[in-house]
Amino acid sequence: MQIVRLSHLADKAACPRLVVKVGSSLLVGADGVRRAWLEGLVGELAAARARGQDVIVVSSGAIALGAATLRLDKGGRGSLADAQAAAAVGQIALSGLWADLLGAHGLTAAQLLLTLDDLEDRRRYLNATATLTRLLDAGAVPVINENDSVATQEIRFGDNDRLAARVAQAAGASAVLLLSDVDGLFDRNPAQPGATLLAEVRGVTAEIHAMASGGSASGMGSGGMTSKLQAAEIAERAGIALAIASGLHDAPIERACGQGIGTLFLPRRKDAGRKAWLGGRLRLKGALVVDAGAARALAKGSSLLAAGVAAVEGEFQRGDAVAIRDGAGTTLAHGLAEYDALECARLMGRQSGEHGDILGYAPRSAVVHRDQLVLL
Ligand code: GLU
């Protein structure tokens, strides 16, 4: 059964496995943890479990909580060192809180702290899948956050929206519910008169991106609408529905799923395991810029041939994930390179018949084979 409306997120048949992401501003208020609200949410999660749905929580709030304890200014986000220290302190409280509240419903919380690399590296991604599957089979509720204290600036998610989408992929979830401090995506900045909440989005197009007004309203989390749309893009290619709804109310899941208040991003297609992982990769080792002919051939499902490559960027090895872009800078696809960057540079623009002489060994059939390529 396909997810086509918000109520399906609370339906066991349509959504056997649900990821719920809770933003920092919902968890932490001016006076510390918003415990009463969180108790209500955990009651809703327990109800989802009782209906037979698997539930995974992606919880922000470590930095905000730790910053309050350590009395760091700017909510602990003044510098990377502050954020990392704050997260180290706040994460203990955060996981204790979830364990307590879930425990009151007889549910066992399981903490996973992930870094970007844990989900970008194929082997580690599969390992995360195995752990999540085992935990869910054993009846636990995984509570996940980024491992903020060790993640370095260049290789961190930085927002839990994309983390939630990647976790949903790894866990084989049907849907992600991003609980935030906004009702969903509006057709323009919600502060402007006449702004309308979009109930449904079929494909995150350039027009949809233009509607996102940027930064987080609360200033507490780091997400904002931009990262939520990126999360929706990851989800929609992986056959996962994603909803944005407000958590600023009691019983937010009922409000989103029962009353239908929120924005639902419908899945666009269902890439299978490895292709979904590749399509959702956030950091790539390099890029191949292609000419218009190659771009057309790719769109028809062909492999990328060296003759159509116009430029090679970055340093990558054979087997590394690279972006494939057109001359205007639009990313058309992700793929695994059959050659390293130097060889790609030597082969680019050259016909296949010449490759053997250039390389000095029997060439491969393509620079990126279509089996190792995902159109975006
Ligand atoms: N991982 C961060 C935290 O726990 C939150 C990231 C975000 O704001 O999305 O505080």
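Reading the values: rules and limits
- Residues numbered from 1 in each chain as written.
- Predicted model: local features only at pLDDT ≥ 70, side-chain atom pairs only at ≥ 80, totals over all residues.
- Heavy atoms only, no water.
- Buried < 20%, exposed > 50% of the residue type's maximum accessible area, 1.4 Å probe, protein only.
- Helix = DSSP H or I, 4+ residues; strand = E, 2+ residues; numbered from the N terminus.
- Pairing = 2+ DSSP bridges.
- Contact = heavy atoms within 4.5 Å.
- Axes fitted to C-alpha atoms, helices over the stretch in contact; angles between N-to-C directions.
- Arc of directions from axis to C-beta.
- Salt bridge = Lys/Arg side-chain N within 4 Å of Asp/Glu carboxyl O.
- Parallel < 35°, antiparallel > 145°, perpendicular 65-115°, else oblique.
- Left-handed = near helix turned anticlockwise from the far one by under 90°.
- Nonpolar A, V, L, I, M, F, W, Y, C, P; charged D, E, K, R; others polar.
- Disulfide = S-S within 2.5 Å.

S.K.: Give me the lowdown on the pairing of strand β6 (residues 141–146), citing residues and values where you can.
M.R.: The buried fraction of β6 amounts to 6 of the 6 residues, a majority that puts the element mostly inside the structure. Residues V141, V143 and N145 line one face of β6 and the alternating positions P142, I144 and E146 line the opposite face, and both faces are buried. Here strand β5 (residues 109–114) runs beside β6; their pairing, made up of 6 bridges, is parallel. What sits directly across from L113, in β6, is N145.

S.K.: Account for the sheet that holds strand β4 (residues 54–59), with residues named and values stated.
M.R.: A sheet is described by the order of its strands in space; here 8 strands give the open sequence β5-β6-β4-β1-β7-β9-β10-β8, paired in mixed fashion. Every other strand in the sheet has two partners, leaving β5 and β8 (200–201) as the edge strands with one partner each. Contacts between helix α4 (residues 80–103) and the sheet are confined to β1 (17–22), β4, β5 and β6, with β5 contributing the most and set at about 150° to the helix.

S.K.: So what's going on with helix α14 (residues 352–359)? Which residues, and what values?
M.R.: Buried within α14 we find H355, I358 and L359. Buried residues of α14, seen end-on, are gathered within an arc of 80° and therefore sit on one face of the element. Along α14, exposed side chains directed more than 90 degrees from the buried face belong to G353 and D357. Packing partners of the buried residues in α14 comprise α13 (341–347). Looking one or two places after α14, you find G360, whose phi comes out positive at around 80°.

S.K.: Tell me about the pattern of salt bridges, and name the residues and values.
M.R.: In the structure shown here, the tally under the stated rule is 18 salt bridges. The partner of D161 in a salt bridge is K21, and the shortest N-O contact between them spans 2.9 Å. Here D161, found in helix α7 (residues 160–171), pairs with K21, found in strand β1; they are 140 residues apart in sequence, far enough to count as distant. By relative accessible area, D161 is classed as buried at 0%. R35 is the salt-bridge partner of D100, the closest N and O atoms lying 3.8 Å from each other. With D100 in helix α4 and R35 in helix α2 (residues 35–50), this residue pair connects regions lying 65 residues apart in the sequence.

S.K.: Lay out the sheet that holds strand β11 (residues 286–290) with the relevant residues and their values.
M.R.: One open sheet holds the 5 strands; their spatial order is β12-β11-β13-β14-β15, and the pairing between them is mixed. Here the strands that pair on one side only, and so sit at the sheet edges, are β12 (309–314) and β15 (373–375). On average, each strand axis in the sheet is inclined to that of its neighbour by 20°, with strand direction left out of account. Here 5 bridges tie strand β13 (residues 321–325) to strand β14 (residues 331–336), and the two strands are oriented antiparallel to one another. The residue of β14 that forms the bridge with R325 is T331.

S.K.: Tell me about unusual backbone geometry, residues and numbers included.
M.R.: In this structure, R71 is a non-glycine residue whose phi angle is positive, near 55°. Looking at where R71 falls in the secondary structure, it is placed in the loop between α3 (62–70) and α4.

S.K.: I'd like to hear about the pairing of β11, residue by residue, with values.
M.R.: When you tally the buried positions in β11, you get 5 out of 5 residues, the bulk of the element. Burial along β11 is two-sided: G286, L288 and V290 and A287 and V289, pointing in opposite directions, are all buried.

S.K.: Help me get a handle on the packing of α2 against α4, residues and values and all.
M.R.: Contact geometry of α2 with α4 gives a least axis separation of 9 Å together with a crossing angle of 55°. In terms of orientation, α2 and α4 fall into the oblique class. As for the relative orientation of α2 and α4, their crossing is right-handed in sense. On the side of α2, the interface is formed by R35, L38, E39, L41, V42 and L45, while α4 contributes L97, W98, D100, L101 and L102. When grouped by side-chain class, the residues that make up the contact of α2 with α4 number 8 nonpolar, no polar and 3 charged.

S.K.: Account for the state of the cysteines, with residues named and values stated.
M.R.: Tallied over the entire structure, the rule returns 0 disulfides. Distance from the sulfur of C15, which forms no disulfide, to the nearest cysteine sulfur (C257) is 8.3 Å.

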